[in-house]
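Examining the three-dimensional arrangement
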Amino acid sequence: MRIVREQGLEAKVADVVEAAIEAAGYRLVRVRISGLNGMTVQIMAERADGTMTVEDCETVSRAISPVLDAVDPVDREYHLEVSSPGIDRPLVRKGDFETWAGYLMKLETTRMVGDRKRFRGRIVEVSETAIRVERDQPAYGEPSAMEIPFDAIGDARLILTDELVAASLKADKAARKRRGDPQEPDAGDEEGSGLH
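Below: a short report on this structure. Since we're looking at a predicted model, the values are computed, not measured.

Moving on to the nonpolar core. Formed by 24 residues in total, the largest nonpolar core has its most connected members in L91, F97, M105, L107, I131, I148 and I153. Looking at this core, the elements with two or more residues in it are β4 (104-113), β5 (116-126), β6 (130-135), β7 (145-149), β8 (153-158) and α4 (162-179). Core analysis: the next-biggest nonpolar cluster, separate from the first, contains 22 residues, V31, M39, I43 and V60 among them.

Here we take up helix α2 (residues 54-71). Since one α-helical turn is 3.6 residues long, residues separated by three or four positions face the same way. If you check α2, its first and last C-alpha atoms are 26 Å apart, about what 18 residues at 1.5 Å a residue would give, namely 26 Å. At I64, α2 shows its maximal kink, close to 30°; a proline, P66, follows between one and four residues later. When we look at burial in α2, the residues that qualify are D56, C57, V60, S61, I64, S65 and L68. Two residues or fewer past α2, D72 is found with a positive phi of approximately 50°.

Right, let's get into the sheet that holds β6. Taken together, the five strands give an open sheet; going across it, the order is β7-β6-β5-β4-β8, and neighbouring strands pair in antiparallel fashion. Edge strands, defined here as strands with exactly one partner in the open sheet, are β7 and β8. Going from strand to strand, the sheet's axes swing by 40° on average, the running direction of each strand aside.

The full count for this structure, using the stated rule, is two aromatic pairs. Measuring from centroid to centroid gives 5.5 Å for W100 and Y103, while their planes differ by 70°, and the two rings are edge-to-face. Classification of W100 as buried rests on a relative accessible area of 11%.

Moving on, we get to the layout of surface pockets. Its volume calculated, the second largest pocket comes out at about 180 Å³. At the level of secondary structure, the elements contributing two or more residues to the lining of the second largest pocket comprise β1 (27-34) and β8. Take the lining of the second largest pocket: its biggest share by element is four residues, from β8. Looking at the lining of the second largest pocket residue by residue, the classes come out as seven nonpolar, three polar and seven charged.

Turning our attention to unusual backbone geometry. Phi at D72 takes a positive value of approximately 50°, unusual for a residue other than glycine. Structurally, D72 is set in the loop between α2 and β3 (79-83). Classification of D72 as partly exposed rests on a relative accessible area of 46%. Its identity is not glycine, yet D115 carries a phi of approximately 65°, on the positive side. If you trace the backbone, D115 turns up in the loop between β4 and β5. We classify D115 as exposed; its relative accessible area is 70%.

Conventions and cut-offs
- Along each chain, residues carry numbers from 1 onward, in the same order as the chain's sequence is written.
- The predicted origin of the model limits local features to residues at a pLDDT of at least 70 and limits the giving and counting of side-chain atom pairs to 80 or more, whereas totals for whole chains, interfaces and linings rest on all residues.
- Hydrogen atoms and water are omitted, and side-chain values are computed over all heavy atoms in the structure.
- Nonpolar cores were defined as sets of buried Ala, Val, Leu, Ile, Met, Phe, Trp, Tyr and Cys residues, with membership established by side-chain atoms within 4.5 Å.
- Partly exposed residues are those whose accessible area sits between 20% and 50% of the maximum for their type, while under 20% is buried and over 50% is exposed, using a 1.4 Å probe and protein chains only.
- By the criteria applied, helices consist of DSSP H or I runs no shorter than four residues and strands consist of E runs no shorter than two, each listed in order from the N terminus.
- By definition here, a helix of n residues has an expected span of 1.5 Å times n minus one.
- Throughout, bend refers to the angle between the axes fitted to the seven residues that end at a position and the seven residues that start at it.
- One bridge is not enough; two strands pair if DSSP finds at least two bridges between them.
- Angles shown run from 0 to 180 degrees and are taken between the N-to-C directions of axes, each axis being a line fitted to C-alpha atoms and, for helices, limited to the stretch in contact.
- Aromatic pairs are defined between Phe, Tyr and Trp rings, using the six-membered ring for Trp, whenever the two ring centres lie within 6.5 Å; interplanar angles under 30 degrees are classed as stacked, those over 60 as edge-to-face, and all others as tilted.
- Only protein atoms enter the calculation, which uses a 1 Å grid: trapped sets of points that fit a 1.4 Å probe without letting it out are cavities, open sets showing protein on both sides within 12 Å along at least five of seven lines are pockets, and any residue with an atom within 4 Å of a point is a lining residue.
- Grid points are joined across faces, edges and corners, and a volume is the space filled by probe spheres set on the points.
- Each residue gets one of three labels, nonpolar for Ala, Val, Leu, Ile, Met, Phe, Trp, Tyr, Cys and Pro, charged for Asp, Glu, Lys and Arg, and polar for the others, Gly among them.

Spelled out as C-alpha cells, the structure:
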C-alpha cells in the first residue's frame, strides 16, 4: 500500500489507473502531471521486484489507456508517458523505505516536523508509523537525526550517488536472474508514450 499519495488531479488519475496497473501485474509508484508538450501525464510503475523494462512500460500503457479514455479524468488533450521509477526513485511504500535504508534521500513533509519541512539524509530506522533520518548536513544546533511520521511525508526520493547506482544495478541483476530474464539494463525512463 502506498503511504505517499498524490493530491488533486494527480490523485484522480491515480485512482483511475491503479486497479488496471495491478490487474496487469504491476504496482503504481507515482503519477505526475506537468506542462511538458502542452500537458504530460507521467505514470511511474514497476514489477513487485522493483524492475521495469521497456516492454513492461508498453504493457502498462496498453492496460491503462482504455481506462483513461473511458473515465477521462483530464479535461484536455495530454501525452501519456509510462516509465520506470528510475534509480533516484520516489519512495512511496513502507517497503521502499526499508529496502533503501542507508542510502541518501531527500524528503519534504506536508507539515512542520521539528521546525522544518525539508530533510536530506539517510534512513536509519523504519517503524510501523515513522522513519528515522540521520541528516547529512544539519545546521548548527539542530538535531542530527529526526523521526518523521509516515503521515507527514509529502514527497521522498533517493538522491543519485555512486553507491546507489551500484546497489540498484546489483538489485536489478538479482531480480532478473530470479525471474530467468536476460541480463539486460533497466528501461530507465520514457517508454510507452502516446497522445490522449
